[in-house]
Structures are given as C-alpha cells and as structure tokens.
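# Remarks on the overall topology
Here is how the chains run, residue by residue.
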Amino acid sequence: MKSTELVPLIRIIGIILYFFIAAQGAFYHFGFGKALYQIPSEHFIELRKAVDPVVRSKFKALYLSALAVMFVWFLIADKSTGFWSYGFVLLAFILLIADMVLILKFSEPVNELINSDLLNTEKEYSNARSEWLKFILIRGYLSLTGFAMLIIHLAFKPR
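Nothing here was measured: the structure is a model prediction, and the numbers come from that model. (Residues numbered from 1 in each chain as written. Predicted model: local features only at pLDDT ≥ 70, side-chain atom pairs only at ≥ 80, totals over all residues. Heavy atoms only, no water.)

### Describing the overall build of the protein chain
For the protein chain, the count of helices and strands is 4 helices and 0 strands. In terms of principal-axis extent, the alpha carbons of the protein chain reach across some 60 × 25 × 20 Å. Counting all 159 residues of the protein chain, 40% fall into the buried class. A total of about 9100 Å² of accessible surface is found on the protein chain, and carbon and sulfur atoms cover 71% of it. Taking the 16 positively charged and 12 negatively charged side chains of the protein chain as two groups, their mean positions are separated by 10 Å. (Helix = DSSP H or I, 4+ residues; strand = E, 2+ residues; numbered from the N terminus. Buried < 20%, exposed > 50% of the residue type's maximum accessible area, 1.4 Å probe, protein only. Areas by Shrake-Rupley, 256 points an atom, 1.4 Å probe, with all protein chains shown as cover. Lys, Arg positive; Asp, Glu negative; His and termini not counted. Charge placed at Lys NZ, Arg CZ, Asp CG, Glu CD.)

The structure is reproduced here in structure tokens:
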C-alpha cells in the first residue's frame, strides 16, 4: 500500500478513535454528569469502584491508539498549503495531549483515592465526586473541541 493510500485510512481511523473519546465527554456533559450529582455521593463512589476496572484497560488502549494515530495523521498531513491544511489536525492532537496530561495529573489520583479505602465520610465522598466530575467535564470539553477541529478540517480542508 502506497503512503498516499494510507492518508484516507489514517483519517478514518483517527476520526473513529477521537469520536469515541469525544462521545464520553458528550455523555457526561449532556446528562450523566448532572445525574451523578443527584445521587448520594456514597453511591457515586460505589459506582466508580464498579465501573473503573471494567473500562480502565479499554480507555487506556483507546487513548494510546488515538494519540498514535493522531500523531501519524499530523505527520502525513499535507503541509504545502500552509497552516490551514494541517492546523486543525495539530490542534486536535494538542487537545488530546492536554486531555492525557489532565488524566495523569488529576483524574488518575482521584481514581486511586476513590478505589482506595481512605474515604470514610460523606464530606470525603462528596469532595471526591466533585473533583472527579470537574475533571471529566473539563476533559470532555477538550475532547469535544478536538473532535470538532477534525470535522472542520475534513469539511473545509483546501482542495
């Protein structure tokens, strides 16, 4: 397969991977995040403890794959017509990196706290829930913006 034939394939794979990441952000933004504030914080902690081991490895693979594909997409993007021909791909890639930084710096420590047995009071449960939801929403906005950048790139790329 020639490298020029890989470009459409990389774009399709990149869009699909980014879609799944952005869908998580949309899911929390458009309802589930608000619903999680409506349940008792102790139940939220129980829910996170049950969900985390089920989704952790899948999302790790999704994010790492998306990072790799986005990097390749940026590398093979046509840069001959200036920033507008690759800029949205670069911005989406940077937003994905920012999401990963937030995961490692903030979300993972909160996940570790939730999964530990260190939380004992309603206030601790409530603080952990607020912190977790704050970062899942911020990360969701980053991923939704990155996905929009890719859609704009595909819709308006120079011919």
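### Some words on the nonpolar core
Ranked by internal contacts, the top residues of the largest apolar core, which has 30 residues, are Tyr-18, Met-70, Trp-73, Leu-96 and Leu-150. The set of elements that each furnish at least two residues to this core consists of α1 (3-38), α2 (41-76), α3 (87-115) and α4 (122-156). Setting aside chain neighbours within four positions, we find Trp-73 in contact with Ile-10, Arg-11, Gly-14, Ile-15, Val-89, Leu-150, His-153 and Leu-154. Listed in part, the 12 residues of the second largest apolar core include Tyr-28, Ile-45, Tyr-125 and Ala-128. (Core = buried A, V, L, I, M, F, W, Y, C linked by side-chain atoms within 4.5 Å. Contact = heavy atoms within 4.5 Å.)

### Looking at a nonpolar patch on the surface
On the surface, a cluster of nonpolar side chains totalling about 390 Å² of accessible area is made up of Ile-12, Ile-16, Phe-19 and Phe-20. Structurally, Ile-12 is set in helix α1. (Patch = residues over 30% accessible without salt bridge, like charges linked within 9 Å, V, L, I, M, F, W, Y side chains within 5 Å. Salt bridge = Lys/Arg side-chain N within 4 Å of Asp/Glu carboxyl O.)

### Things to note about the packing of α2 against α3
Orientation of α2 relative to α3, taken along the N-to-C sense of each, is 155°, at an axis distance of 11 Å. Judged on the interaxial angle alone, α3 and α2 are roughly antiparallel. Note on packing geometry: the crossing formed by α2 with α3 is left-handed. The residue makeup of the contact of α2 with α3, split by class, is 18 nonpolar, 2 polar and 6 charged. (Axes fitted to C-alpha atoms, helices over the stretch in contact; angles between N-to-C directions. Parallel < 35°, antiparallel > 145°, perpendicular 65-115°, else oblique. Left-handed = near helix turned anticlockwise from the far one by under 90°. Nonpolar A, V, L, I, M, F, W, Y, C, P; charged D, E, K, R; others polar.)

### Observations concerning the pattern of salt bridges
The final tally for this structure, using the stated rule, is 6 salt bridges. A salt bridge links Asp-99 to Arg-139; the nearest nitrogen and oxygen atoms lie 2.6 Å apart. Remark: Arg-139 occurs in helix α4 and Asp-99 occurs in helix α3; sequence separation between them is 40 residues. Residue Arg-139 is classed as buried on the basis of its relative accessible area, which comes to 9%.

### Digging into the packing of aromatic side chains
The geometry of an aromatic ring pair is captured by the separation of the ring centres together with the interplanar angle, meaning the angle of the planes. All chains considered together, the criterion is met by 13 aromatic pairs. Relative to Phe-135, the ring of Phe-106 has its centre 4.5 Å away and its plane inclined at 5°; by these criteria the two rings are stacked. In this pair, Phe-106 is assigned in helix α3 and Phe-135 in helix α4, connecting sequence segments 29 residues apart. Looking at Phe-106, the relative accessible area reads 32%, which means it is partly exposed. (Phe/Tyr/Trp six-rings, centres within 6.5 Å; stacked < 30°, edge-to-face > 60°.)

### Some thoughts on the side chain of Ser-143
With respect to the helices and strands, the residue Ser-143 is situated in helix α4. In this view, Ser-143 contacts Tyr-18, Ile-21, Ala-22, Gly-25 and Asp-99; residues no more than four positions away in its chain are not counted.

### Observations regarding α3
Taking 1.5 Å per residue, 29 residues should reach 42 Å; α3 reaches 39 Å between its end C-alpha atoms and fits that length. Bending of α3 peaks at approximately 45° at the position of Ile-103. (Expected span 1.5 Å × (residues − 1). Bend = angle between axes of the 7 residues up to and from the residue.)

### A few points about the environment of Phe-32
Here Phe-32 lies in helix α1. Judged by relative accessible area, which is 29%, Phe-32 ranks as partly exposed. Not counting residues up to four positions away in its chain, the partners in contact with Phe-32 are Phe-27 and Leu-47.

Note that every value here comes from positions in space, so none of it alone points to a role or purpose.
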